[in-house]
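# Survey of secondary and tertiary structure
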Amino acid sequence: MPVPQLALSPLGLADLGLADLGVAGWLLLILAGVLIGFSKTAIAGVGSIAVALTALALPARESTGAVLPMLIAGDLMAIALYRRHADWAVIWRLLPGLLPGLALGWFFMRWADDQAMRMTIGLILLLMVALQLWQRRRPPGDDADPAARTSAAARHLATVVVGAAAGFTTMTANSSGPVITIYLILAGLAMLRMLGTMAWFFFLVNLAKVPFSVQLGLITPASLLLNLWLLPAIAAGGWLGAVLIKRMDQRQFELAALALGAVAAALLLL
């Protein structure tokens, strides 16, 4: 099926319905920019709300292309702050499963219409919240040393599956943060190590997504202009996140990510 290309409007913007947004629509996009910056320097789950808000302001399909350059801008801010805390051993273990997941997401997006994309984004977020709740209801200490109870082959397979799931969810919904957060929590990473690891991992992931999104017609010069206008909002959110994270402990960090992921799923499914 041919992929529709986005036409340029006289204002130099992609035909994303921006002319009909009004004040409320623009406020949604500005808030999404703030939340994307905040998610990259503080709580990853906030990014899921930003994805949901963008999908409410724009057609869900086109919103994925509008969000991607914003995420990359946020990744660069996070790298500047947390680059020394990254656990590269974890990153290299996740990468092999990433490309198959991206490819699967790309094939899905070739036929998915706006309604299917909106429902997919919401269901993915809801599933990730459910996984986090399942992990938290296990008895204390039950997952204290998962490596001791599983074989090397099983651990490798689980890591590849997590990488593939991250690739699919980030390609279709820009919402793989909860997947990686669960994995890093189970791996026992402290808050700053999680932030540093996610900063580099998602920067690599989002760069890998750019050719797919361009081929699908989701990223155009006009949509990049919209991203440029939203850069101040992303920078403001990144600054707020960097300030807040210094006042949070590990438990608060994890609970906030869980709650915000649930809010994002509700925004799209309801």
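Scroll up for the structure.
Quick summary incoming for the structure in this document.

The rules behind these values
Residues numbered from 1 in each chain as written. Predicted model: local features only at pLDDT ≥ 70, side-chain atom pairs only at ≥ 80, totals over all residues. Heavy atoms only, no water. Helix = DSSP H or I, 4+ residues; strand = E, 2+ residues; numbered from the N terminus. Buried < 20%, exposed > 50% of the residue type's maximum accessible area, 1.4 Å probe, protein only. Contact = heavy atoms within 4.5 Å. Areas by Shrake-Rupley, 256 points an atom, 1.4 Å probe, with all protein chains shown as cover. Arc of directions from axis to C-beta. Salt bridge = Lys/Arg side-chain N within 4 Å of Asp/Glu carboxyl O. Axes fitted to C-alpha atoms, helices over the stretch in contact; angles between N-to-C directions. Parallel < 35°, antiparallel > 145°, perpendicular 65-115°, else oblique. Left-handed = near helix turned anticlockwise from the far one by under 90°. Nonpolar A, V, L, I, M, F, W, Y, C, P; charged D, E, K, R; others polar. Phe/Tyr/Trp six-rings, centres within 6.5 Å; stacked < 30°, edge-to-face > 60°.

## A word on the overall build of the chain
Summing up its helical and strand segments, the chain has 12 helices and zero strands in all. In the chain, which comprises 270 residues, the proportion classed as buried is 53%. The long-range share in the chain, meaning contacts at least 24 apart out of those at least 6 apart in sequence, stands at 84%. Total accessible area on the chain is roughly 12100 Å²; 72% of this is exposed by carbon and sulfur atoms.

## Here we look at helix H5 (residues 98–111)
Looking at H5, one finds that the buried residues are Leu98, Gly101, Leu102, Gly105, Trp106, Phe108 and Met109. The buried residues of H5 all sit within an arc of 165 degrees when viewed along its axis, so they share a single face. Seen from the open side of H5, the exposed residues pointing more than 90 degrees away from its buried face are Leu99, Leu104, Phe107 and Trp111.

## Examining the environment of Ser39
Within the secondary structure layout, Ser39 lies in helix H1 (residues 22–41). By relative accessible area, Ser39 is classed as buried at 6%. Put simply, Ser39 and Gly241 are 202 residues apart on the chain and 7.1 Å apart in space, counted from C-alpha to C-alpha. Ignoring any residue separated from it by four or fewer positions in sequence, one finds Ser39 in contact with Ala44, Val46 and Gly47.

## A short note on the pattern of salt bridges
For side chains of opposite charge, pairing can occur when their charged atoms come near one another. Per the counting criterion, the structure on display carries two salt bridges. The salt bridge involving Asp75 is made with Lys40; its shortest N-O contact spans 2.7 Å. Within this pair, whereas Asp75 is found in helix H3 (residues 60–82), its partner Lys40 is found in helix H1, the two being separated by 35 residues in sequence. Between Asp87 and Arg193 there is a salt bridge, and its shortest N-O distance comes to 2.2 Å. Remark: Arg193 occurs in helix H10 (residues 191–215) and Asp87 occurs in the loop between H3 and helix H4 (88–94); sequence separation between them is 106 residues. Overall, Asp87 belongs to the buried group, its relative accessible area being 15%.

## A short note on the side chain of Asp75
For Asp75, a relative accessible area of 0% translates into the label buried. Ignoring anything within four residues of it in the chain, the contact list for Asp75 reads Lys40, Ala199, Phe202, Phe203 and Asn206.

## What to know about the packing of H5 against H10
It is the contact of H5 with H10, at a shortest axis distance of 11 Å, that shows an interaxial angle of 25 degrees. Between H5 and H10, the angle falls in the class roughly parallel. Of the two possible hands of crossing, H5 and H10 adopt the one that is right-handed. Contacts between H5 and H10 pair Leu98, Leu102, Ala103, Trp106 and Arg110 from the former with Val205, Ala208, Lys209, Phe212 and Gln215 from the latter. Residue composition of the contact of H5 with H10, by class: seven nonpolar, one polar and two charged.

## Description of the packing of aromatic side chains
This model, assessed by the stated rule, comprises eight aromatic pairs. Note on Trp106 and Phe107: the rings are 4.7 Å apart at their centroids and 65 degrees apart in plane angle, and the pair reads as edge-to-face. When its relative accessible area of 18% is taken as the criterion, Trp106 is described as buried. Taken together, the ring pairs in this structure connect Trp88, Trp92, Trp200 and Phe203 into an aromatic cluster.

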